[in-house]
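Residue-level structure breakdown
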Amino acid sequence: MQLLTQTATSNYALKELSEDDASTVIGKFFQRGAEMESGVDQPSARRASHLHQWLLAATLTARVTYSQPQWDFFRASMYPAVIVGVVSGPRRLSLQAARRMALGVLSDTEKRLWKERASEARFLVSFWDHENR
Amino acid sequence: MIYETVAADRPIRQGDIFRHVPRVDMSLTSLPVVEDDGTREENWQTIELNSEVTAVLSVKSVTGIVITQNCDAQRGEYICLAQVDPFLAVLGEEKQPRNPDKWQSLIIRQAKTNFRLFYLPADETVGFSEPMVADFRIILRVSHIDLENFTDKRVGALDRVAGEHFRESIAHFFRRYAYNEWYSLTKEQFEAYSRRCEEPLEPFPWQK
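Residues numbered from 1 in each chain as written. Chains lettered and ligands numbered in written order. Predicted model: local features only at pLDDT ≥ 70, side-chain atom pairs only at ≥ 80, totals over all residues.

**Quick notes on the overall build of chain B**
Counting its secondary structure elements, chain B contains six helices and 10 strands. Relative to a compact globule of 208 residues, whose C-alpha radius of gyration would be 17 Å, chain B shows 21 Å and is clearly more extended. For the C-alpha atoms alone, the extent of chain B along its principal axes is close to 60 × 50 × 35 Å. For chain B, with 208 residues in total, the buried portion stands at 30%. (Helix = DSSP H or I, 4+ residues; strand = E, 2+ residues; numbered from the N terminus. Rg over C-alpha atoms; globule rule 2.2 N^0.38 Å. Buried ≥ 20, exposed ≤ 12 C-beta atoms within 10 Å, placed from the backbone.)

Below, the structure is given as structure tokens:
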């Protein structure tokens, strides 16, 4: 089980998010949505975009938040993802760092999820392909 | 094709397809907890048992299909949905099958081997511009009341035939037991099987 075991580190805040990462993707997603809603009117698209960014920030920092941990993903029977976290004491964060950390979790989860699903699908059909050759 | 449109006031049922469902991701080892005096990074293990915390979490908008059975969907506090994603992307296939024969081969092969996925053909009436799959290993939990107020995001539902296949697929997936399928192989068969796996396997004593 070692080859496909993935390790997640805990310090998302220290990661530099690239152009392809979640924050950028989500930012573009909201901007695109705003532009679509407002047609070709660019100034209003920008205003709507700012509104969406404020809404996103408010959502991410809302005091009332509920969540459902994706337990099943972390203990997937066939390709387990082992979380190796460094247990450290509480560390103060700015809201910006907290947001970056949350988006880093999303980005990493997405990457692991797509990789794991494709890998499992290939493994399962390999027996079928072998039998039908 | 295998979908039907749904009146806005129809109760939520298994097989209903919703767009824009929130999926929350979090890390237990690195959780940004918000308190009166600011935000700090916590490890879930260090947070007191049975306590409640407020945290900054990422939320992604995804498409989902209701897996909760109809009675529970009417009475339960929560409704569960399986995340829906593009079929080829989930399989890691970069190219489309070239013809209908290759398509059917890929679809049937997956249906027979990969029980976590339920195939959903393309149909613009439900907004699927390409074939999709429901993934039973990615479950989204949403408040019943919230989802009831969200029926404008219900783009359709599985029809009767597809619904029957869907419920059987869900039942089959969740009633499986984990077992090592190589237990009955001889030493030589196990070695051949092991070569095909991408991961190291532990032989049973009689296979060593």
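**Concerning the overall build of chain A**
Helix and strand content of chain A: four helices and three strands. Overall, chain A shows an N-to-C arrangement of helices and strands of β-α-α-α-β-β-α. For chain A, buried positions account for 17% of its 133 residues. Residue pairs in contact within chain A that sit at least 24 positions apart in sequence constitute 70% of those at least 6 positions apart. (Contact = placed C-beta atoms within 7 Å.)

**Examining the domain arrangement of chain B**
Each assigned domain of chain B is listed with its residue range as follows: domain 1 (3–176) and domain 2 (180–208). Here the C-alpha centroids of domain 1 of chain B and domain 2 of chain B sit 35 Å apart. (Domains from an automatic or database assignment.)

**Thoughts on unusual backbone geometry**
Residue and element names in this part refer to chain B. Unusually for a residue other than glycine, histidine 20 sits at a positive phi of about 65 degrees. Mapped onto the fold, histidine 20 is located in strand E2 (residues 16–25). Histidine 20 sits in the exposed class, given 12 other C-beta atoms within 10 Å.

**Comments concerning the confidence of the model for chain B**
Interpretation of this model should avoid reading the predicted coordinates in detail wherever pLDDT is low. Summarising the model, chain B shows a mean pLDDT of 93, and 100% of its residues fall at 70 or more. This prediction of the complex comes with two scores: 0.71 for pTM and 0.82 for ipTM. (pLDDT = per-residue confidence, 0-100.)

**Quick look at the nonpolar core**
Among the nonpolar cores identified, the biggest contains 33 residues, and Ile65(B), Leu81(B), Val133(B) and Ala134(B) are the most heavily contacted of them. Secondary-structure elements contributing two or more residues to this core are E2, strand E6 (58–66), strand E7 (78–86), helix H2 (87–91), strand E8 (117–120), strand E9 (132–143), strand E10 (154–158) and helix H5 (160–175) of chain B. For this core, the element with the most residues is E9(B), which contributes seven residues. Beyond its immediate sequence surroundings of up to four residues, Leu81(B) is in contact with Phe18(B), Val21(B), Gly64(B), Ile65(B), Val66(B), Ile67(B), Leu140(B) and Val142(B). Counting residues in each nonpolar core, the second largest holds 13 residues, with Met101(A), Ala102(A), Leu31(B) and Ala55(B) among its members. (Core = buried A, V, L, I, M, F, W, Y, C linked by C-beta atoms within 7 Å.)

**Topic: the environment of Arg10(B)**
Residue placement: Arg10(B) occurs in the loop between strand E1 (3–4) and E2. C-alpha of Arg10(B) to C-alpha of Glu148(B): the two residues are 138 residues apart in sequence and 9.6 Å apart in space.

**Description of the pairing of E10(B)**
Consecutive residues of a regular strand have side chains that alternate between opposite faces of the sheet. Residue and element names in this part refer to chain B. For E10, the buried fraction is high: four of the five residues fall into the buried class. Across two bridges, the pairing between E1 and E10 is antiparallel. Across the sheet, glutamate 4 pairs through a bridge with alanine 157, a residue of E10. With three bridges connecting them, E2 and E10 associate as antiparallel partners. By the bridge assignment, isoleucine 17 is partnered in E10 with glycine 156. (Pairing = 2+ DSSP bridges.)

**Here's the deal with the sheet that holds E1(B)**
Backbone-to-backbone hydrogen bonds pair the strands of a sheet. The strands run either parallel or antiparallel. All names here are of chain B. Judged by pairing direction, the sheet is antiparallel, and its seven strands sit side by side in the order E1-E10-E2-E6-E7-E9-E8 without closing on themselves. Each edge of the open sheet is held by one strand with a lone partner, namely E1 and E8. Relative to E9, E7 is paired through nine bridges, and the arrangement is antiparallel. From the neighbouring strand, isoleucine 79 faces E9, where its bridge partner is valine 142. H5 contacts E8, E9 and E10 of the sheet and is inclined by roughly 85 degrees relative to E10. (Axes fitted to C-alpha atoms, helices over the stretch in contact; angles between N-to-C directions.)

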